[in-house]
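Residues per chain, in single letters:
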Amino acid sequence: MPEDAALKRVNPVGRIGAIAMKESAPHVAIVGVTGAVGHEFLAVLEQRRFPVGRLKLLASERSAGRAIPYNGREYTVEALTDRSFDDVELALFSAGGSISTRFAPIASEQGATVVDNSSAFRMSDEVPLVVPEVNADAMSHIRPGCGGIIANPNCSTIIMLLAVTPLHREANVRRMVVSTYQAASGAGAAAMAELETQTREVLDGKPPTCSIFKQQYAFNLFSHNTEIGANGYNTEEMKMVKETHKIWGQEGANRTRITATCIRVPVMRAHAESINLTFERPLNEDRARELLEKAPGVRLLDDRANNRFPTPLDAAHGDDILIGRLRCDISQEPIGSGMDLFVCGDQLRKGAALNAVQIAERLIGIEAR
Ligand SMILES: NC(=O)c1ccc[n+]([C@@H]2O[C@H](COP(=O)([O-])OP(=O)(O)OC[C@H]3O[C@@H](n4cnc5c(N)ncnc54)[C@H](OP(=O)(O)O)[C@@H]3O)[C@@H](O)[C@H]2O)c1
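Residues numbered from 1 in each chain as written. Predicted model: local features only at pLDDT ≥ 70, side-chain atom pairs only at ≥ 80, totals over all residues. Heavy atoms only, no water.

**What to know about the site of the ligand**
Rule in force here: We call a residue near a molecule or strand when any one of its heavy atoms sits within 4 Å of it. Pairs of N or O atoms are called polar contacts if they sit within 3.5 Å, as long as, within protein, a hydrogen donor faces a hydrogen acceptor (for residues adjacent in sequence, only side-chain-to-side-chain pairs). Per-residue and other accessible areas follow the Shrake-Rupley method at a 1.4 Å probe size, with only the shown protein chains counted as cover for residues. Note on definitions: the grid is 1 Å and covers protein atoms alone; a cavity is a set of points where a 1.4 Å probe fits but cannot get out; a pocket is an open set with protein on both sides within 12 Å along at least five of seven lines; lining residues have an atom within 4 Å of a point. If over half the atoms of a molecule are within 2 Å of the grid points of a cavity or pocket, the molecule is regarded as sitting in it. Numbering of helices and strands runs from the N terminus; a helix is a DSSP stretch of H or I covering at least four residues, while a strand is a stretch of E covering at least two. Residue classes follow a fixed rule: Ala, Val, Leu, Ile, Met, Phe, Trp, Tyr, Cys and Pro count as nonpolar, while Asp, Glu, Lys and Arg count as charged, and any other residue, Gly among them, counts as polar.
As a matter of local geometry, the ligand sits amid 26 residues, with Thr-34, Ser-60, Arg-62, Ser-63 and Ser-185 nearest to it. A distance of 3.1 Å is found between an oxygen atom of the ligand and a backbone nitrogen or oxygen belonging to Gly-32. Gly-188 is positioned with one of its backbone polar atoms (N or O) 3.5 Å from an oxygen atom of the ligand. For the ligand, whose free accessible area comes to 890 Å², the fraction covered by protein is 76%. Spatially, the ligand is embedded in the largest pocket. Of all elements in the fold, only α2 (36-47) and α10 (349-363) reach the threshold of two or more residues within the shell around the ligand. Class assignment of the residues belonging to the shell around the ligand gives a composition of 11 nonpolar, 14 polar and one charged.

As structure tokens, this is what we get:
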């Protein structure tokens, strides 16, 4: 189905008269459970003791019949079909844009509230694009178990906004320049396997097998593997620009000016980003530290004496976005009108599964934790 047609079938505010989610644990479906994000969904739900009634694990026909453990039980993966969402109240999607475009509206029509990790609905006016620490209000009209779609932002956008929003609220970011260093895990389970295989091949003196990426990935880095548009920016870069404006609720000439350069680096898991900010109101380092120390979902790791700052390994498998290299930008005057920072975050967790589960927690009334 074309994306537009699918969007017309979205029920963004929930199906009137549908059975509201029961007080008991919601019935949950995970679409794309065998993938990198799907695997993380199960880990996050289990670790956070998310209340799950019945659990349905969905993937392609290739995975049907596979057994996957969750919370001490084995579940059998089912092939995704139009009938997969009977009696599902919460559907967590991470199976790519075309699957979301086709099946998220079906799930929504059947009364499931969908939290979608793909980019299919992110820029749709009727669909809230949510980072709970930043704009939870955007989904306040969605009633759990009554249909509706909520989009999870792009992983690089989420990581950036966790770090920058506390500073933006204080000093109003007028311009933002970001460069990313993105891990294999951001491109899914097959890309992680490719990095591992290539690393072995190169060390063994063999030519690297390039299937997911066109170029050698091991011991190399390259511009993000998404399409380049007419303006010279790739899709990932433009997602960071457009999604930030939507999440911050900015329109027209007053939007923060944002430019991004997205690079894929041979790191297995967790993205890094170098961020340069220009403020409307001056902000000094002490105040910036104070704001970030109080902010949810972030942790300062900024030890100048020992030259110890965030790394992807520090961030991997963790929930917090790590922030370091915090300093006033000496090229912007007066001092305090600009700032640099370097952040790392596990994009399978806060960049995908954790953010989606936090959205689901808010939907069913679990307070931020
Ligand atoms: N990786 C990240 O850091 C990240 C972050 C944010 C958002 N996302 C988004 O999340 C989605 C999944 O990403 P991923 O990295 O987890 O990809 P992945 O590792 O390649 O996993 C893809 C999942 O989709 C399933 N799938 C593929 N075709 C299907 C079909 N026809 N019917 C049902 N299921 C199907 C796969 O099932 P089989 O195993 O059966 O093929 C697998 O479970 C993408 O939209 C991606 O853009 C990813």
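**Remarks on the domain arrangement of the chain**
For the record, the criterion: A domain assignment, automatic or from a database, supplies the domain bounds used here. The criterion used for residue contact is that any of the two residues' heavy atoms lie within 4.5 Å. Values labelled buried area give the accessible surface lost by two parts on being combined, using a 1.4 Å probe and summing over both. Between Lys or Arg on one side and Asp or Glu on the other, a salt bridge is scored when a side-chain nitrogen of the former is within 4 Å of a carboxyl oxygen of the latter.
Looking at the chain, the domain boundaries give domain 1 (3-152) and domain 2 (157-183 + 222-264 + 267-347). Once you take the C-alpha centre of each, domain 1 and domain 2 turn out to be 29 Å apart. Listed as interface residues are 13 residues of domain 1 and, on the opposing side, 15 residues of domain 2. Across the domain 1 to domain 2 interface the summed buried area is about 1,200 Å²; carbon plus sulfur atoms make up 62%. It is Val-131, Glu-133 and Val-134 that lose the most area in domain 1 upon contact with domain 2, and together they represent 41% of the buried surface on that side. Linking domain 1 to domain 2 there are two salt bridges.

**As for the packing of aromatic side chains**
Under the convention used in this document: Note on aromatic pairs: the rings of Phe, Tyr and Trp (six-membered ring only in Trp) are paired at centre separations within 6.5 Å, and the planes decide the class, stacked below 30 degrees, edge-to-face beyond 60, tilted for the rest. Summary of the burial criterion: residues with accessible area below 20% of their type's maximum are buried, those above 50% are exposed, and those between are partly exposed, where the area comes from a 1.4 Å probe applied to protein chains only. Two thresholds decide whether a charge sits over a ring: the Lys NZ or Arg CZ must be within 6 Å of the ring centre and within 35 degrees of the ring normal.
Inspection of the entire model under this criterion finds six aromatic pairs. Relative to Phe-222, the ring of Tyr-217 lies with its centre 5.4 Å away and its plane at 50°, an arrangement referred to as tilted. The exposure class of Tyr-217 is buried, given its relative accessible area of 0%. Put simply, the rings of Phe-213, Tyr-217 and Phe-222 pair up and form one aromatic cluster. Residue placement shows Arg-73 over the ring face of Tyr-75; its charged tip is 4.4 Å from the ring centre. Positioned above the aromatic ring of Phe-309, the side-chain terminus of Arg-325 is 5.2 Å from the ring centre.

**Considerations on the nonpolar core**
Convention followed: To form a nonpolar core, buried Ala, Val, Leu, Ile, Met, Phe, Trp, Tyr and Cys residues must be joined to one another through side-chain atoms within 4.5 Å.
The biggest cluster of nonpolar side chains holds 57 residues, and the ones touching the most others in it are Phe-85, Phe-93, Leu-167, Met-176, Ile-275, Leu-277 and Leu-341. In terms of residue count, helix α5 (residues 155-171) provides more of this core than any other element does, nine residues in total. Two domains share this core, each providing at least three of its residues, namely domain 1 (3-152) and domain 2 (157-183 + 222-264 + 267-347).

**Here we look at the sheet that holds strand β5 (residues 78-79)**
Selection rule: Being paired, for any two strands, means DSSP has found at least two bridges between them. Between the N-to-C directions of two axes lies an angle of 0 to 180 degrees, each axis being a line fitted to C-alpha atoms and, for a helix, fitted only over the stretch in contact.
With parallel pairing, six strands are arranged side by side in an open sheet as β5-β2-β1-β6-β7-β8. Each of the sheet's edge strands pairs with one partner strand only, and the pair in question is β5 and β8 (149-151). Pairing between strand β2 (residues 55-59) and β5: two bridges, direction parallel. Among the inter-strand pairings, Ala-59 is bridged to a residue of β5, identified as Ala-79. Contacts between α2 and the sheet are confined to β1 (28-31), β2 and β6 (90-93), with β1 contributing the most and set at about 150° to the helix. Sheet strands touched by helix α3 (residues 97-109): β1, β6, β7 (113-116) and β8. Its angle to β6, the strand with the most contacts, is close to 175°.

**As for the pattern of salt bridges**
Under the definition given, this model contains 18 salt bridges. Taking the shortest distance from any N to any O, the salt bridge between Glu-40 and Arg-269 comes out at 3.2 Å. Separated by 229 residues along the polypeptide, Glu-40 in helix α2 and Arg-269 in the loop between β11 (257-264) and β12 (271-279) bring together distant segments of the chain. The exposure class of Arg-269 is buried, given its relative accessible area of 11%. Here Arg-48 and Glu-361 are joined by a salt bridge, their closest N and O atoms 2.8 Å apart. In this pair, Arg-48 is assigned in the loop between α2 and β2 and Glu-361 in helix α10, connecting sequence segments 313 residues apart. Comparing Arg-48 with Glu-361 shows no difference in burial state: the two are buried.

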